[in-house]
Amino acid sequence: AQSVTQLDSHVSVSEGTPVLLRCNYSSSYSPSLFWYVQHPNKGLQLLLKYTSAATLVKGINGFEAEFKKSETSFHLTKPSAHMSDAAEYFCVVIHSGGYQKVTFGTGTKLQVIP
Amino acid sequence: DTGVSQDPRHKITKRGQNVTFRCDPISEHNRLYWYRQTLGQGPEFLTYFQNEAQLEKSRLLSDRFSAERPKGSFSTLEIQRTEQGDSAMYLCASSLVMRESADTQYFGPGTRLTVL
């Protein structure tokens with residue numbers, strides 16, 4: 001069985017301050033992990049992915065995430081928030097062994113205050 | 001535009017009617033996924049295809065739901081005897097997988113279904 005927990009449903013930061021969106025997962029096997037972003041009335045867009053290569057993954061728009069197996073975490077960070085970062089962020093776990101199993105987290109809505 | 005497209009973008013129907021949605025994946029992507037997303041929730045996996053073969057179906061996919069990908073290109077999702085609880089955004093995604101692995105899924109804009 002696998003699951004994804006996004007620990008915060010809403011996060012509010014001031015423009016120019018760091019962003020931390022938390023994600024914990026459970027999986028019986030070594031999973032692949034993704035972060036997607038969904039802007040209002042727009043489709044889901046891939047930010048970054050971890051697929052058992054480097055544990056620190058860099059994505060688009062200055063985002064990065066670190067895979068920590070011991071903590072079963074894959075938190076998303078950005079050093080300095082921009083107004084355009086305001087959106088909903090989803091952590092995704094995919095297990096590929098035989099058939100794929102895809103599990104999305106419930107999402108974290110990021111608000112950026114000017 | 002070479003992205004994933006979905007048609008229609010919006011569908012309003014009365015309870016009990018049948019609806020069908022279409023998804024056109026990125027050309028030559030061999031995997032195609034269907035998800036359902038309700039307000040304030042993350043997408044929930046419904047089913048996926050590898051070429052024309054339907055490999056996995058979620059238990060969310062009741063017998064009123066059926067999906068096809070007859071030629072391994074576009075896919076259709078049909079909901080029979082719609083219920084108000086079927087109101088949601090239905091998302092399609094595609095990916096190119098060369099071996100058994102997880103690869104990047106590219107999402108379409110979704111079809112918003114409202115059942116009155």
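Everything discussed here concerns the structure shown above.
Note that this is a predicted model, so its numbers are computed, not measured.

Peer 1: Hey, could you run me through the overall build of chain A in this one?
Peer 2: Secondary structure assignment for chain A yields zero helices and twelve strands. The helix and strand sequence of chain A, counted from the amino end, reads β-β-β-β-β-β-β-β-β-β-β-β. Here chain A has a C-alpha radius of gyration of 14 Å; the compact-globule value for 114 residues is 13 Å, and the two agree. Along the first, second and third principal axes, the C-alpha atoms of chain A reach 45 × 30 × 20 Å. In chain A, buried positions account for 44% of the 114 residues. Here the contacts in chain A between residues at least 6 apart in sequence split such that 55% fall between residues at least 24 apart. A total of about 5,600 Å² of accessible surface is found on chain A, and carbon and sulfur atoms cover 52% of it.

Peer 1: It is not clear to me how unusual backbone geometry should be interpreted in this structure. Could you clarify?
Peer 2: In terms of backbone geometry, most residues other than glycine have negative phi values and most peptide bonds are trans. Going from B:Asp7 to B:Pro8, the amide bond is cis rather than trans, its omega being -5 degrees. You can see B:Pro8 is positioned in the loop between strand S1 (5-7) and strand S2 (10-13). Even without glycine at this site, A:Thr72 takes up a positive phi of about 45 degrees. One can find A:Thr72 in the loop between strand S8 (64-68) and strand S9 (73-78). The exposure class of A:Thr72 is partly exposed, given its relative accessible area of 32%. If you check the backbone angles, B:Arg81 has positive phi at about 50 degrees while not being a glycine. Relative to the helices and strands, B:Arg81 resides in the loop between strand S8 (75-79) and strand S9 (88-95). In this structure B:Arg81 comes out as partly exposed when scored by relative accessible area, which is 45%.

Peer 1: I'm lost on the side chain of B:Ser94 in this one. Help?
Peer 2: Residues and elements named next belong to chain B. Relative to the helices and strands, Ser 94 is located in strand S9. Among the residues examined, Ser 94 registers a relative accessible area of 0% and is labelled buried. At 3.3 Å, the side chain of Ser 94 and the backbone nitrogen of Ile 26 are in polar contact. Contacts of Ser 94, omitting those with residues within four sequence positions, involve Val 4, Pro 25, Ile 26, His 29, Arg 31, Leu 32, Thr 104, Gln 105 and Tyr 106.

Peer 1: Just to check I follow, could you spell out the state of the cysteines for this structure?
Peer 2: Linking two cysteines covalently through their sulfur atoms gives a disulfide. Going through the model one piece at a time under the given rule, you end up with two disulfides over all chains. Between the sulfur atoms of A:Cys23 and its disulfide partner A:Cys91 the distance amounts to 2.0 Å. Judged by the sign of its S-S torsion, about -65 degrees, the cystine formed by A:Cys23 and A:Cys91 is left-handed. With A:Cys23 in strand S4 (residues 23-26) and A:Cys91 in strand S10 (residues 87-97), this pair connects stretches of sequence that are 68 residues apart. Its relative accessible area of 0% is what places A:Cys23 among the buried residues. What makes A:Cys91 buried here is its relative accessible area of 0%. What pairs with B:Cys23 in a disulfide is B:Cys92, and their sulfur atoms sit 1.8 Å apart. The disulfide joining B:Cys23 to B:Cys92 has a torsion of about -70 degrees about its S-S bond and is therefore left-handed. Here B:Cys23, found in strand S3 (residues 19-24), pairs with B:Cys92, found in strand S9; they are 69 residues apart in sequence, far enough to count as distant. By the burial criterion, B:Cys23 is buried, and B:Cys92 matches it.

What counts and what doesn't
Residues numbered from 1 in each chain as written. Chains lettered and ligands numbered in written order. Predicted model: local features only at pLDDT ≥ 70, side-chain atom pairs only at ≥ 80, totals over all residues. Heavy atoms only, no water. Helix = DSSP H or I, 4+ residues; strand = E, 2+ residues; numbered from the N terminus. Rg over C-alpha atoms; globule rule 2.2 N^0.38 Å. Buried < 20%, exposed > 50% of the residue type's maximum accessible area, 1.4 Å probe, protein only. Contact = heavy atoms within 4.5 Å. Areas by Shrake-Rupley, 256 points an atom, 1.4 Å probe, with all protein chains shown as cover. Polar contact = N/O pair within 3.5 Å; in protein donor to acceptor, adjacent residues only side chain to side chain. Disulfide = S-S within 2.5 Å.

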